[in-house]
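The residues making up each chain are set out below.
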Amino acid sequence: MYSVLIVDDDVFIRDGLKSIMDWNAMGFSICGEASDGEEALRMLLSLQPDLTLMDIRMPKLQGLQVIKAAREQNFKGRFIVVSGYSSFKYAQEAIRYGVESYFTKPIDKDGLFETVQKIKQSLDRENRRTDSMELLKRKARNVILRELVTGQYDTPVILSPEDMEDLELRADAYQVVICENFSRTSESPAYSFADLLKVTNREEHTFSNFEEDGKHIILLKGTYALNRFNDFLSHYHGATPPQAGSPMDTFFLAYGRPVQAPYDIPLSYEDARKLIIRRFFCEQGQHTIGYEELSALGQSMQRLTPEALSEYTDNLVGYLQTFNRKNVSETLSRLENYLYHVENGIVEVQLFLTDLYLRIKEKINLVYSTVTIPFPTNSKAIEFIAYKQYLYQIIQFLSEQFEMIMSATGNPNRNSVLDDILYYIDHNYQNNIKLEAIAPLFGYNSAYLGKIFNKTVGESFNSYVDHIRIEHSKQLLLQKKFKVYEIAERVGYRNVDYFHKKFRKYVGESPVEFRKKNGGTEE
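Residues numbered from 1 in each chain as written. Predicted model: local features only at pLDDT ≥ 70, side-chain atom pairs only at ≥ 80, totals over all residues. Heavy atoms only, no water.

Chemist: In this structure, what is going on with the overall build of the chain? I would like to understand it.
Modeler: Counting its secondary structure elements, the chain contains 23 helices and ten strands. Expressed as a percentage of the 523 residues in the chain, the buried residues total 44%. Across the chain, contacts joining residues at least 24 apart in sequence account for 68% of those joining residues at least 6 apart. (Helix = DSSP H or I, 4+ residues; strand = E, 2+ residues; numbered from the N terminus. Buried < 20%, exposed > 50% of the residue type's maximum accessible area, 1.4 Å probe, protein only. Contact = heavy atoms within 4.5 Å.)

Below, the structure written as structure tokens:
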């Protein structure tokens, strides 16, 4: 619906112009009316009507003066002059200001109807052309942005400062984030990380986004946006995983290095692209992976080998036959670390694990040919490993299978498993160990194992871990080789303030006071 403004100093004429035709049926709605030139100019500039019916002789400003002033202020609307004077001079001046038609009073209703109809058709054509141009511009902008970010252009993109402004790319820093969406259940709502950024980044033009291979590519622009993203990462790098069902629980983010020049953006994108593939290797509850990990990976990457497959198979079969749960658990940890540092693709890693499992199953069945072991069928095991999204899920599956083998082949006494768990804690306290994560390694449900642990050891799992960490930290404090914050990290506390709090709780004094009392220097 287009808008019409009616301007005449005679109220009866204004009423007549409003009722002279069915404006709504013509595709117009009357947005206002003015009785003098100054009021008309204000309304033209504020309402920006598509069509104005303008009188010539009016108080304060003449009609043609209003049109001239409006045009000088870049007003684009159409005008029809309705005048009581058939002056050639007025008509000539009106044409110079782009007036569509000049009618004298009394108005020729049919002529006005025909003129308005032509103006409507012209406005329709302009809108279609404008919409088409905007669509083409938007598509071109998206293509350029995609090529600039991904580095996929056939020829180098040369952008002028004006192009940069039009693409909203002028910034002092850039960083690429790739977001992969996944739902834990079919009922989980679909969230968009880009939409979440719109809420958290209040400044305009702080990011652009597009889709590539089913993933959301987000270009952060400017120091403000990068700092806000770092704040976001700090929140989700803590010990508490995102709440189930929250937006972050459905995202996995890989982010590249920050860069300062727009033509270095592909470097950040390439970092993120390499990392998003490594989601398979992430820990349980991990939702982000960053460029910082690439340097460490690059120095230690290796290929899967038949020798490694044979070694892990033989070791695990041996430990299973001797019911050595501790060594089975440690071997699975070594295997997980080995696979984390291979450069092979995920499918190759899954095939490696499938081959490992089937070899172990074959050897165990051969040794215990008279024992019924409730193995899943080969096809089910192959399907399970092939469709799991994370390495830790496959490791848990292997752990459960190995516990089932040991139980089925003649070791029903599970009391010693707590000794194995205590041994595990004593050798892994520096890591972010959780009861929920290690319980499956020993074939237990975490809630059940927690009750057994509390009853047997006399304290909770977390409390015991804290005791072990504090005891090791005391030894390090007495050595006087490390600063307090370094000791905190070495014993598994990423937050030094939290380490201070725990140390005071169990020792009764701060780490600095403990070191000083025992002959150290305060650091």
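Chemist: Would you mind going over the side chain of T331 with me for this structure?
Modeler: Note on placement: T331 falls in helix α13 (residues 325–340). A relative accessible area of 1% places T331 in the buried class. In this structure the side chain of T331 is engaged in a polar contact, spanning 2.6 Å, whose partner is the backbone oxygen of N327. Residues contacting T331, with those up to four places away along its chain left out, are Y312, L316 and Y319. (Polar contact = N/O pair within 3.5 Å; in protein donor to acceptor, adjacent residues only side chain to side chain.)

Chemist: Mind showing me how you'd approach the packing of helix α12 (residues 306–321) against helix α14 (residues 346–367) here?
Modeler: Each packed pair of helices is defined by two parameters, the angle between the axes and the distance between the axes. For the pair α12 and α14, the least separation of the axes is 10 Å and the interaxial angle reads 40°. Relative to α14, α12 is oriented oblique. Considering how the two elements wind past one another, α12 and α14 form a crossing that is right-handed. Residues A308, L309, S310, Y312, T313, D314, L316, V317, L320 and Q321 of α12 touch α14, and the partners they reach there are F352, D355, L356, R359, I360, K363, I364 and V367. (Axes fitted to C-alpha atoms, helices over the stretch in contact; angles between N-to-C directions. Parallel < 35°, antiparallel > 145°, perpendicular 65-115°, else oblique. Left-handed = near helix turned anticlockwise from the far one by under 90°.)

Chemist: Just checking my understanding: could you explain the sheet that holds strand β8 (residues 215–221) for this structure?
Modeler: Sheet strands pair via backbone hydrogen bonds, and the direction of the pair is either parallel or antiparallel. With mixed pairing, the five strands of this open sheet are ordered in space as β7-β8-β6-β9-β10. Only two strands of the sheet have a single partner each, and these edge strands are β7 (207–212) and β10 (288–290). Shown here is a sheet whose adjacent strand axes are inclined to one another by a mean of 20°, direction ignored. Here strand β9 (residues 251–255) runs beside β10; their pairing, made up of three bridges, is parallel. Residue pairing across strands places A254 opposite I289, the latter belonging to β10. Packing against the sheet, helix α10 (residues 265–276) makes contact with β6 (174–181), β7, β8, β9 and β10, and its axis sits at approximately 25° to β6. (Pairing = 2+ DSSP bridges.)

All quantities given are derived from atomic positions and should not be read as evidence of function.
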